[in-house]
Amino acid sequence: MNIGIIVFSHTNNTFSVANKLKEVFYNTAHTATVERITTASRNPTVEPDIKLKDIPDVSNYDALIFASPVWAFSLCPVMKKYLNGLASLNGKKVALFVTQQLRFSWMGGNRAIKQMIKICQSKGANIANTGIVNWSSKNKEEQIHNLLECFKKI
Ligand SMILES: Cc1cc2nc3c(=O)[nH]c(=O)nc-3n(C[C@H](O)[C@H](O)[C@H](O)COP(=O)(O)O)c2cc1C
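None of these values were measured; they are calculated from a predicted model. Each residue is numbered by its place in its chain's sequence as written, counting from 1. Note on the predicted model: pLDDT of at least 70 is required for a residue's local features to be given, and 80 or more for side-chain atom pairs to be given and counted; whole-chain, interface and lining totals, by contrast, use all residues.

**Student:** If you had to explain the overall build of the protein to someone new, which residues and values would you point to?
**Tutor:** Secondary structure assignment for the protein yields four helices and six strands. Put simply, DSSP marks the helices as runs of H or I at least four residues long and the strands as runs of E at least two long, and each gets a number from the N terminus on. The secondary structure elements of the protein, listed N-terminal to C-terminal, are β-α-β-β-β-α-β-α-β-α. What you see for the protein is a C-alpha radius of gyration of 14 Å, in line with the 15 Å of a compact globule of 154 residues. Summarising its shape, the C-alpha atoms of the protein cover approximately 40 × 40 × 25 Å along the three principal directions. To sort residues by exposure, count the other C-beta atoms lying within 10 Å of each residue's C-beta; 20 or more gives buried, 12 or fewer gives exposed, and values between give partly exposed, all with C-beta atoms placed from the backbone. Taking all 154 residues of the protein together, 38% fall into the buried category. We call two residues in contact if the C-beta atoms placed from their backbones are at most 7 Å apart. When contacts within the protein are restricted to residue pairs at least 6 apart in sequence, long-range pairs at least 24 apart make up 71% of them. For the radius of gyration, the atoms used are the C-alpha atoms, and the globule rule reads 2.2 Å times the number of residues raised to 0.38.

**Student:** Tell me about the pairing of strand β1 (residues 2–7), residues and numbers included.
**Tutor:** In terms of burial, β1 is largely enclosed, as five of its six residues are buried. Pairing between two strands requires that DSSP report at least two bridges joining them. As judged from the six bridges shared by β1 and strand β2 (residues 31–36), these two strands associate in the parallel manner. Directly across from glycine 4, in β2, lies its bridge partner threonine 33. In this view, the connection linking β1 to its parallel neighbour β2 by way of helix α1 (residues 13–24) has right-handed handedness. Bridge analysis of β1 against strand β3 (residues 63–71) gives five bridges, and the strand direction is parallel. Bridged to isoleucine 3 within β3 is alanine 63. By definition, the crossover connecting two strands over a helix is right-handed if that path, from the first strand to the second, turns clockwise as seen with the strands pointing away from the viewer.

**Student:** I'd like a description of unusual backbone geometry, backed by residues and values.
**Tutor:** Although it is not a glycine, asparagine 12 sits at a positive phi angle of roughly 75°. Locating asparagine 12 in the fold gives a position in the loop between β1 and α1.

**Student:** Could you give me a rundown of the nonpolar core, with the residues and numbers involved?
**Tutor:** We define the nonpolar core as any set of buried residues of the types Ala, Val, Leu, Ile, Met, Phe, Trp, Tyr and Cys, connected via C-beta atoms lying within 7 Å of each other. Among the nonpolar cores identified, the biggest contains 42 residues, and Ile5, Ile65, Phe66, Met79 and Met116 are the most heavily contacted of them. Contributions of two or more residues to this core are made by β1, α1, β3, α2 (77–85), β5 (93–100), α3 (109–122), β6 (126–134) and α4 (140–151). Looking at this core, the element that brings in the most residues is β3, giving six residues. Once you skip the residues sitting within four places of it in the chain, isoleucine 5 turns out to touch Ala18, Leu21, Lys22, Ala32, Thr33, Val34, Ile65 and Ala67.

**Student:** Help me get a handle on α3, residues and values and all.
**Tutor:** Helix span, as expected, comes to 1.5 Å for every residue beyond the first. Its 14 residues place the ends of α3 20 Å apart at the C-alpha level, agreeing with the 20 Å of an ideal helix rising 1.5 Å per residue. Within α3, the full set of buried residues consists of Gly109, Ala112, Ile113, Gln115, Met116, Ile119 and Cys120. Each buried residue of α3 lies within a common arc of 160° when the element is viewed along its axis, so the set occupies one face. Opposite its buried face, α3 presents the exposed residues Lys118 and Ser122, each directed more than 90 degrees away. What the arc describes is the spread of directions from the helix axis to the C-beta atoms.

**Student:** Please give an account of α2 that cites residues and values.
**Tutor:** For α2, the full list of buried residues reads Val78, Met79, Tyr82 and Leu83. Looking down the long axis of α2, one finds its buried residues gathered within 125° of arc, a one-sided arrangement. Among the exposed residues of α2, those oriented more than 90 degrees off its buried face are Asn84 and Gly85. Buried residues along α2 sit against β3, β4 (74–75) and α3.

**Student:** I'd like a rundown of the site of the ligand, residues and numbers included.
**Tutor:** Around the ligand, 20 residues are found, and the nearest of them are Ser9, Thr14, Pro69, Gln100 and Leu102. Only α1, β3 and β5 provide two or more residues apiece to the shell around the ligand. Residue classes follow a fixed rule: Ala, Val, Leu, Ile, Met, Phe, Trp, Tyr, Cys and Pro count as nonpolar, while Asp, Glu, Lys and Arg count as charged, and any other residue, Gly among them, counts as polar. For the shell around the ligand, the residue count by class is nine nonpolar, 11 polar and no charged. To decide nearness, the C-beta atom of each residue is placed from the backbone, and the residue is near a molecule or strand if that atom lies within 6 Å of it.

**Student:** Give me the pairing of β6: which residues, what numbers.
**Tutor:** Sheet analysis places β5 next to β6, joined by eight bridges and oriented parallel. Paired with glutamine 100 across the two strands is asparagine 134, which belongs to β6. Taken together, β5, α3 and β6 constitute a β-α-β crossover, and its handedness is right-handed.

As structure tokens, this is what we get:
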């Protein structure tokens, strides 16, 4: 399977997990590629109307993993804009994960995942897996390990 790991990451936490995920697929029957969504502005956190610069094309991937940070107890608006702009995810297997600073997933992570599921399902995706990494949790490394184990079954 040709797997696209599509990530937006402002401070590289989410990107670091995406790269670990890519390594999980080394020496398997799958090919995994990490592609970054970028914005025209260098600081999208203060941008009221976010403009995307690099907009990865998903059409050639059989399965997709979308990864984003949580902003303001919600899905980061950059990922929201990107997902909303996708033409179709019809019939594609999709897994989703977010990273957040706070220790508890009810502090934005759960909501962000729900938002991602809703958009992806509206584009025809089959949701295979979801995950949350709480960056300040003492269990962070275990959470990442579990996410990798779970997502490699995509
Ligand atoms: C504008 C902004 C808002 C944020 N809001 C939240 C939040 O509501 N809850 C939370 O747990 N972390 C929040 N964070 C922290 C990020 O979710 C966390 O640091 C994440 O791992 C960053 O991922 P990145 O390095 O891939 O950008 C926020 C960060 C920024 C920049």
